[in-house]
Amino acid sequence: MKKSTRIISTALAALTVASTMAVAATSVSAASVKAPTNVKAANLEKSIQISWKKVKGAKKYKVLRGKKVIKTTKKTSVKDLSVKSGKSYTYKVKAVKGKKTSKASKKVSITRMNYTIIKNVNNGNGKVTLNWTKRSGATQYKLYRKTTGKYSLLSSSKATSYTDKKVVSGTKYTYKVVCYNSKTKTKSMDSTAKSITYLDKVTGVYARESVDAKSIDVKWNAVKGAASYDVYRVKAGEADFAKIASTSSTTYTDTKVSTNPTAYMYKIVAVKDGSSAVKSEAPLTGFLPKRDGANSYSYDENKNLHILIKLAKGETYAEGKALAEYFSLEGLYTVTPDNSGVVAVQDDVITAVKSGKGTVLVTLSDSVAGIVNSLANKGTTKAYNKAVTKKVFVEVEVA
């Protein structure tokens, strides 16, 4: 009886040891499948990428969005394409080894945000202005700038525009914007970088009739960092400035001017690496050209100004009207044609009717006589500068 009891006790002891070893083996096996660590979520162009650190012994991984497994993979990263802009998501990852699955990793949350697009970067007077597209899910926009080397944070706000006033002429600036969600502490991809070379506005623009009275000389102050300058011009009566030249100099001679008396305005723009400064101010320049062998204008003994113009039959001359509009002189003068029938005047525009010579009389009020006189005498003798023009005779020759 004692022998049987001893045998049973020995068997039970052996069974207990075996069971203990089995449990221990199971524990070791389970413990070898650890939960993934360093789980991260990042916004890509059209998806969210979830990545994690490789788990020793794991053969595959299960990626959960919320409580649902959305991906099973052998890799250590996946892309979730079924996401919507502006919506927030939470992810966890489990490691799998055989029939064993680890506990879930720590959760990571992210707000889906498309990257923004910088739409405009423009030079201003002492500033660079830029704006970008608004994105769902963004609570802030972080603006970065660099000249060389690394980007530095320039601004963080809810606005989709910014004015950078800390700029130096001739310096190239590169900008990028990142959308940021403060709740989930996540960001979008960087915007495409935009670069511009800031250039100061041109100053000191001065234009006057040249000595030969056949062109206009324009000059201006140099701008730090500028590689060249674009010259823009508008003629009296025209609506918009047009680019007429580019030069690396700070002077320009405009030879393509009217053969009739008129006025011009010029604007200069500094340029470098495809970037342009804002246009300069536009000073007015009167122009009374000389014909070959004869002056196009003269004064008589009564200090009246005579302007000679030549027209073909049917041709019109609107410079007088354009000049008056340019100076805002409407209503301060009267226009009277002669009785020859050579020319006709309607709405202050002279039209050549038939061959011959005709005269159009422009009578000025006292308040504008000095202005027109100054315009007419630009670059002439001091004697002319003393004249006080009251009447302008536009003498028309019609071929």
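Here the structure is shown first, and the text comes after it.
Residues numbered from 1 in each chain as written. Predicted model: local features only at pLDDT ≥ 70, side-chain atom pairs only at ≥ 80, totals over all residues. Heavy atoms only, no water.

Draft legend 1. Expanded view of the packing of aromatic side chains. Scanning all chains against the criterion turns up four aromatic pairs. When the ring centre of Y180 is taken as origin, the NZ or CZ atom of K142, which lies over that ring, is 4.8 Å away. One residue, K176, lies across the ring of Y144, its end atom 5.7 Å from the ring centre. (Phe/Tyr/Trp six-rings, centres within 6.5 Å; stacked < 30°, edge-to-face > 60°. Lys NZ or Arg CZ within 6 Å of the ring centre and 35° of its normal.)

Draft legend 2. Fine view of the sheet that holds strand β27 (residues 316-317). Strand order in this open sheet of three strands is β27-β30-β29, and the pairing throughout is antiparallel. For this open sheet the edge positions go to β27 and β29 (343-346), each flanked by a neighbour on one side alone. Pairing of β27 with strand β30 (residues 349-352), which is carried by two bridges, proceeds in the antiparallel orientation. Within β30, the position partnered with Y317 by the bridge is I350. (Pairing = 2+ DSSP bridges. Helix = DSSP H or I, 4+ residues; strand = E, 2+ residues; numbered from the N terminus.)

Draft legend 3. Molecular detail of the sheet that holds strand β21 (residues 251-254). One open sheet holds the three strands; their spatial order is β17-β18-β21, and the pairing between them is antiparallel. With one partner strand each, in any of the chains shown, β17 (206-209) and β21 form the two edges of the open sheet. Going from strand to strand, the sheet's axes swing by 15° on average, the running direction of each strand aside. Taken together, the four bridges between strand β18 (residues 216-219) and β21 define a ladder with antiparallel strand orientation. Within the sheet, the bridge partner assigned to K219 lies in β21 and is T251. (Axes fitted to C-alpha atoms, helices over the stretch in contact; angles between N-to-C directions.)

Draft legend 4. Representation of unusual backbone geometry in the model. With a phi angle near 55°, N38 is a residue other than glycine that sits in the positive phi range. Along the chain, N38 turns up in the loop between α1 (2-31) and β1 (40-43). Located in the positive-phi region is D348, a residue other than glycine, with phi close to 65°.

Draft legend 5. Summary view of the pairing of β18. Side-chain alternation along β18 places I216 and V218 on a buried face and D217 and K219 on a face that remains uncovered. Two elements, β17 and β18, share four bridges in a ladder whose sense is antiparallel. Paired with A207 across the bridge in β18 is V218. (Buried < 20%, exposed > 50% of the residue type's maximum accessible area, 1.4 Å probe, protein only.)

Draft legend 6. Representation of the side chain of T174 in the model. Relative to the helices and strands, T174 resides in strand β14 (residues 171-181). T174 gets classed as buried once you look at its relative accessible area, which sits at 10%. Every residue in contact with T174, bar those within four places of it in the chain, is listed here: Y144, R145, K146, Y151, A193, K194 and S195. (Contact = heavy atoms within 4.5 Å.)

Draft legend 7. Seen up close, the pattern of salt bridges. This structure, assessed with the given rule, holds six salt bridges. The residue D254 makes a salt bridge to R233 at a minimum N-O spacing of 2.7 Å. One end of the pair, D254, is in strand β21; the other, R233, is in strand β19 (residues 228-235), and 21 residues separate them in sequence. Overall, the relative accessible area of 17% leaves R233 in the buried class. (Salt bridge = Lys/Arg side-chain N within 4 Å of Asp/Glu carboxyl O.)

Draft legend 8. Just the environment of S32, in detail. Secondary-structure assignment places S32 in the loop between α1 and β1. Separated by 68 residues in sequence, S32 and K100 place their C-alpha atoms 9.3 Å apart. Residues contacting S32, with those up to four places away along its chain left out, are K56 and K97.

Draft legend 9. Quick peek at the environment of V223. Tracing the sequence through the fold places V223 in the loop between β18 and β19. With a relative accessible area of 9%, V223 lands in the buried category. Residues in contact with V223, not counting those within four places in the same chain, are S169, D200, K201, V202, Y229 and A270.

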